[in-house]
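This is what each chain is made of:
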Amino acid sequence: MKKILLLSLFLFNCDEDEKNQESIIQGCIDFDACNYDINATLGLDNEFCEYAEECKDCDGNCLNSDNCTEDCLGECGGSTVCLNIYDVWKQNDPLTRDSNGYYHFGYNPTGMSDSDYGTVKYLTEQPLTRVFWTSPDSFFVYYMDEWFGDPIINYSTYSGDDGYGQQLFYVYAPFVGDTLTIYGYIDSDIIDTVFVIVE
């Protein structure tokens, strides 16, 4: 009689263990995780949990909070400031790009000198950013009441409080028909270019 009772207790305990194993659902039980499982019963050590990257939601989208906005390169939480040259003006008259992206600058000196000038308009998307200017083409720059027969190199401007700014350039008659290539850059990796055909 005792042997039968012991055997019955052993079988009963085995059945209970199987039921307990079946009721355990492995999964993430951390509410803050991306893969939180409301049905999970095991996972206190978070080994099953997956979390969003810093500054991003669980779908990989930038949170766009104060410290988590996309910079101009599209990096969430990044701090890169890009340069965008968007227009060339000639004596305050706006010029627009042609279908190839070139500006046509009409050479028309005022009579007070044998040169003409224009301005490169740009946006840095961050206020008071220093922008450097250079060109592989030789044209003249008027600076501090003096002519420099060099490209715009080692010259710089600062964007205003709204991120907008402009760089002055001068040309002489011999450059009519030439295409001037003007580079603006914040650092060696962030460069924007404008092409100006002198007519």
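For the structure itself, look to the data block above.
The paragraphs below set out a description of the structure included in this document. Computed from a predicted model, the values in this text were never measured in an experiment. (Residues numbered from 1 in each chain as written. Predicted model: local features only at pLDDT ≥ 70, side-chain atom pairs only at ≥ 80, totals over all residues. Heavy atoms only, no water.)

Description of the overall build of the chain
The test is simple: Comment: elements are numbered from the N terminus, with helices defined as DSSP H or I runs of at least four residues and strands as E runs of at least two. Under the scheme applied here, a residue whose accessible area is under 20% of the maximum for its type counts as buried, over 50% as exposed, and between as partly exposed, the area being computed with a 1.4 Å probe on protein chains only. The contact rule is simple, with two residues in contact once any of their heavy atoms fall within 4.5 Å. Reported accessibility uses the Shrake-Rupley method at a 1.4 Å probe radius. Residues are deemed covered only where the shown protein chains occlude them.
Across its full length, the chain holds one helix and eleven strands. Order of helices (α) and strands (β) in the chain, N terminus to C terminus: α-β-β-β-β-β-β-β-β-β-β-β. In the chain, which comprises 199 residues, the share counted as buried stands at 32%. Long-range contacts, defined here as pairs at least 24 residues apart, represent 50% of the contacts in the chain between residues at least 6 apart. Of the roughly 13100 Å² of accessible surface on the chain, a fraction of 50% belongs to carbon and sulfur atoms.

Some remarks on the state of the cysteines
The line we're drawing: Note on terminology: pairs of cysteine sulfur atoms within 2.5 Å are recorded as disulfides.
Per the stated rule, a full pass over the model turns up four disulfides. Covalent S-S linkage joins Cys 34 and Cys 58, the inter-sulfur distance amounting to 2.0 Å. In this structure the cystine formed by Cys 34 and Cys 58 twists about its S-S bond by roughly -85 degrees; its chirality is therefore left-handed. In this pair, Cys 34 is assigned in the loop between helix H1 (2-23) and strand E1 (84-90) and Cys 58 in the loop between H1 and E1, connecting sequence segments 24 residues apart.

Notes on the nonpolar core
Nonpolar side chains in soluble globular proteins tend to be buried together. Quick reminder of the rule: Take the buried Ala, Val, Leu, Ile, Met, Phe, Trp, Tyr and Cys residues and link them wherever side-chain atoms come within 4.5 Å; each set so joined is a nonpolar core.
In this structure, Phe 169, Val 194 and Val 196 are the most contacted members of the largest nonpolar core, which totals 21 residues. Elements that contribute at least two residues to this core include exactly E1, strand E3 (102-105), strand E4 (115-123), strand E5 (130-134), strand E9 (164-172), strand E10 (179-187) and strand E11 (190-198).

Section: the sheet that holds E11
Using the following cut-off: Any two strands are treated as partners once DSSP identifies two or more bridges connecting them. As a rule, the C-alpha atoms of each element are fitted with a line to give its axis, helices using only the stretch in contact, and angles between N-to-C directions run from 0 to 180 degrees.
In spatial order, the strands read E3-E11-E10-E5-E8; together these five strands make up an open sheet with mixed pairing. Of all strands in the sheet, those with a lone pairing partner are E3 and strand E8 (155-158), marking the two edges. The average angle at which neighbouring strand axes cross in this sheet is 30 degrees, direction not considered. Note that E5 and E8 share four bridges and pair antiparallel. Paired with Phe 132 across the bridge in E8 is Ser 156.

Brief notes about the sheet that holds E4
Taking strand neighbours across the sheet as the criterion, the four strands line up as E2-E1-E4-E9 in an open arrangement whose pairing is antiparallel. Both edges of this open sheet fall to strand E2 (93-95) and E9, since each of them pairs with a single strand only. Direction aside, neighbouring strands of the sheet carry axes that sit 35 degrees apart on average. As judged from the nine bridges shared by E4 and E9, these two strands associate in the antiparallel manner.

Examining unusual backbone geometry
The backbone of Cys 55 shows a phi angle near 75 degrees, a positive value even though the residue is not glycine. Examined against the element boundaries, Cys 55 turns out to sit in the loop between H1 and E1. The residue Leu 128 is not glycine, and still its phi comes out positive at about 55 degrees. Assignment of secondary structure puts Leu 128 in the loop between E4 and E5.

Looking at a nonpolar patch on the surface
Operational definition: Note that patches include only residues with greater than 30% relative accessible area and no salt bridge, and the join distances are 9 Å for like charges and 5 Å for nonpolar side chains (Val, Leu, Ile, Met, Phe, Trp, Tyr). By convention in these notes, a salt bridge is any Lys or Arg side-chain nitrogen within 4 Å of a carboxyl oxygen on Asp or Glu.
On the surface, a nonpolar cluster with roughly 370 Å² of combined accessible area is contributed by Phe 31, Tyr 36 and Ile 38. For Phe 31, the location among the structural elements is in the loop between H1 and E1. Residue classification places Phe 31 among the exposed residues on the basis of a relative accessible area of 66%.

Focus on the environment of Pro 109
With respect to the helices, strands and loops of the structure, Pro 109 is situated in the loop between E3 and E4. Sequence separation between Pro 109 and Ala 173 is 64 residues, and the spatial gap between their C-alpha atoms is 8.8 Å. Ignoring any residue separated from it by four or fewer positions in sequence, one finds Pro 109 in contact with Asp 114, Ser 115 and Asp 116.

So yeah, pure geometry; function would need other evidence.
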